[in-house]
Amino acid sequence: MNIIPLGIWGGYPKANSATSSFLIEQDGFHCLFDCGSGVLSSLQNYIALEQLDAVVISHYHADHIADIGSLQFSRIIQYYLGQPSPALPIYGHKQDKEQFAKLTYKEQTQGIEIQEHSSVQIGPFTVTFCPTVHPVYCLAVKFTVNGKSAVFTADTEWSDQLVTFAQHADILFSEANLYEEHLGKSPGHLAGSEAGTLAQQASVTQLVLTHLPHHGDVSDILYEAKKKFSGPAEIAEVGKKYELL
Ligand SMILES: [Zn+2]
């Protein structure tokens, strides 16, 4: 499994960048996890849009779905140009029926419901879901293939359930949207120390921090995470290929 961060920002993208999203590949199957602002542009640095096989959405905040409309338009334009692709499956939860309905667009994309504590096969990946603690319903996601697993917290504040869900993951992509001084003051997100504690308690092999704030020095967040986690930890790097062999 290869994982490439496409965007690492929460809220909105910095110049020439994107909000949280990852391209996950195995045996030529390409799955996008979340599709926020700037993601469609970033994605084309790595694959052609028609090479995309599936999309998984954690929740319906704009910084995770803003480019779904652009993705749908890219498919309809290719269709009008005489190069149609099969309907692209977009997996999302149905707790917000209005948002879920928007995942289906003409013959171009098809919304498919996912549910907490369930499992679905997406290409070569077995994908499982765990509810997080966030102002809107949100699912953390685990991709497993060939005995290797990658866990994405999506957006969340501290949750004991996530410790169980992420147990022994080979890599944990944890949100770390808060500096320590904002811990407990900004609901729905984790500080660096909490991401580190999550990684430590879940005994993951590697921790990567994402969904970062725009202000301050994010190396401070990594520093706090490293105080809690004894394994390797880093800030997610756009374009870096994280390989699970
Ligand atoms: Zn959110």
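Everything below is about the structure printed above this text.
Engineer: Explanation requested: the coordination of the zinc ion in the structure shown.
Structural biologist: Six octahedral donors around a metal ideally subtend angles of 90 or 180 degrees, whereas four tetrahedral donors ideally subtend 109.5 degrees. Within the first shell, the zinc ion binds the protein through His59 (NE2), His61 (ND1), His134 (NE2) and Asp155 (OD), at distances of 2.2 to 2.3 Å. Angles of 90 to 169 degrees at the metal separate the 4 donor atoms of the zinc ion, which places the site in the irregular class. Positions of the donor residues of the zinc ion, expressed as sequence spacing, correspond to H-x1-H-x72-H-x20-D. For His59, a relative accessible area of 0% gives the class buried.

Engineer: Please clarify how a nonpolar patch on the surface should be interpreted in this entry.
Structural biologist: Side chains of Phe73, Ile77 and Leu81 sit close together on the surface and give an oily, nonpolar patch of about 330 Å² of accessible area. Tracing the backbone through its elements, the reader meets Ile77 in helix α3 (residues 68–80). Residue class for Ile77 comes out partly exposed when judged on its relative accessible area of 47%.

Engineer: When you look at helix α6 (residues 192–201) in this model, what are you seeing that I'm missing?
Structural biologist: Note that an α-helix has 3.6 residues per turn; residues three or four places apart therefore point the same way. Counting buried positions along α6 yields 7 of 10 residues, so the element is predominantly enclosed. Along α6, the residues that are buried comprise Gly192, Ser193, Glu194, Ala195, Gly196, Leu198 and Ala199. Ser203 lies just past α6 and shows a positive phi near 55 degrees.

Engineer: Could you clarify how one ought to interpret the sheet that holds strand β11 (residues 171–175) in this entry?
Structural biologist: Pairing between the strands of a sheet comes from backbone hydrogen bonds, and it takes one of two forms, parallel or antiparallel. Spatially, 7 strands are ordered β7-β8-β9-β10-β11-β12-β13 in an open sheet, and the strand pairing comes out mixed. Looking at the sheet topology across the chains shown, the edges are occupied by β7 (119–122) and β13 (233–235). When the angles between neighbouring strand axes are averaged without regard to direction, this sheet yields 20 degrees. Here β7 runs beside strand β8 (residues 125–131); their pairing, made up of 4 bridges, is antiparallel. Across the sheet, Ile122 pairs through a bridge with Phe125, a residue of β8. Here α6 sits on the sheet in contact with β11 and β12 (207–210), set at roughly 155 degrees to β11.

Engineer: Help me out: how do you make sense of the nonpolar core in this one?
Structural biologist: Here is a general trend for soluble globular proteins: nonpolar side chains tend to be buried in one another's company. By size, the foremost hydrophobic cluster in this structure holds 57 residues, and its most contacted members are Ile3, Val56 and Phe143. Top contributing element to this core by residue count: strand β9 (residues 139–145), with 5 residues. Excluding its chain neighbours within four sequence positions, the residues that come into contact with Phe143 are Met1, Ile24, Cys31, Phe33, Val56, Phe125, Thr126, Val127, Lys148, Ser149, Ala150 and Phe152. If you look at the next biggest cluster of nonpolar residues, it comprises 22 residues, including Val39, Leu40, Ile47 and Leu52.

Engineer: Would you mind showing me how to read the side chain of His134 here?
Structural biologist: As for its placement among the helices and strands, His134 is situated in the loop between β8 and β9. At a separation of 3.2 Å, a polar atom in the side chain of His134 contacts the side chain of His61. Setting aside chain neighbours within four positions, we find His134 in contact with His59, His61, Asp155, Thr156, Gly188 and His189.

Engineer: Explanation requested: the environment of Thr144 in the structure shown.
Structural biologist: Relative to the elements of secondary structure, Thr144 occurs in strand β9. Judged by its relative accessible area of 26%, Thr144 falls in the partly exposed class. Discounting residues that sit within four places of it in the chain, Thr144 has contacts with Pro124, Phe125, Thr126 and Ser149.

Engineer: Looking at this model, I keep getting lost on the packing of α6 against helix α7 (residues 219–228). Mind explaining?
Structural biologist: Packed helices, taken two at a time, are described by the angle their axes make and the gap between the axes. Where α6 contacts α7, the two axes come as close as 7 Å, and the packing angle between them is 35 degrees. As for how α6 packs across α7, the hand of that crossing is right-handed. On α7, the residues touching Gly192, Ser193, Gly196, Thr197 and Gln200 of α6 are Ile221, Glu224, Ala225 and Lys228. In the contact of α6 with α7, the residues fall into 2 nonpolar, 5 polar and 2 charged.

Engineer: What is the right way to look at the sheet that holds strand β4 (residues 54–56) in this model?
Structural biologist: An order of β6-β5-β4-β3-β2-β1-β14 is seen for the 7 strands of this open sheet, with the pairing classed as mixed. Only two strands of the sheet have a single partner each, and these edge strands are β6 (109–113) and β14 (242–243). As paired strands, strand β1 (residues 2–7) and strand β2 (residues 21–26) are joined by 5 bridges and run antiparallel to one another. Directly across from Asn2, in β2, lies its bridge partner Glu25. Helix-sheet contacts for α3 involve β4, β5 (88–92) and β6, and the interaxial angle to β5 is about 165 degrees.

Here is what the cut-offs are and how they apply
Residues numbered from 1 in each chain as written. Predicted model: local features only at pLDDT ≥ 70, side-chain atom pairs only at ≥ 80, totals over all residues. Heavy atoms only, no water. Donors = N, O, S within 2.8 Å, 3.2 Å for Na, K, Ca; no water. Tetrahedral: all angles 85-135°; square planar, octahedral: opposite > 155°, others 65-115°. Buried < 20%, exposed > 50% of the residue type's maximum accessible area, 1.4 Å probe, protein only. Patch = residues over 30% accessible without salt bridge, like charges linked within 9 Å, V, L, I, M, F, W, Y side chains within 5 Å. Areas by Shrake-Rupley, 256 points an atom, 1.4 Å probe, with all protein chains shown as cover. Salt bridge = Lys/Arg side-chain N within 4 Å of Asp/Glu carboxyl O. Helix = DSSP H or I, 4+ residues; strand = E, 2+ residues; numbered from the N terminus. Pairing = 2+ DSSP bridges. Axes fitted to C-alpha atoms, helices over the stretch in contact; angles between N-to-C directions. Contact = heavy atoms within 4.5 Å. Core = buried A, V, L, I, M, F, W, Y, C linked by side-chain atoms within 4.5 Å. Polar contact = N/O pair within 3.5 Å; in protein donor to acceptor, adjacent residues only side chain to side chain. Left-handed = near helix turned anticlockwise from the far one by under 90°. Nonpolar A, V, L, I, M, F, W, Y, C, P; charged D, E, K, R; others polar.

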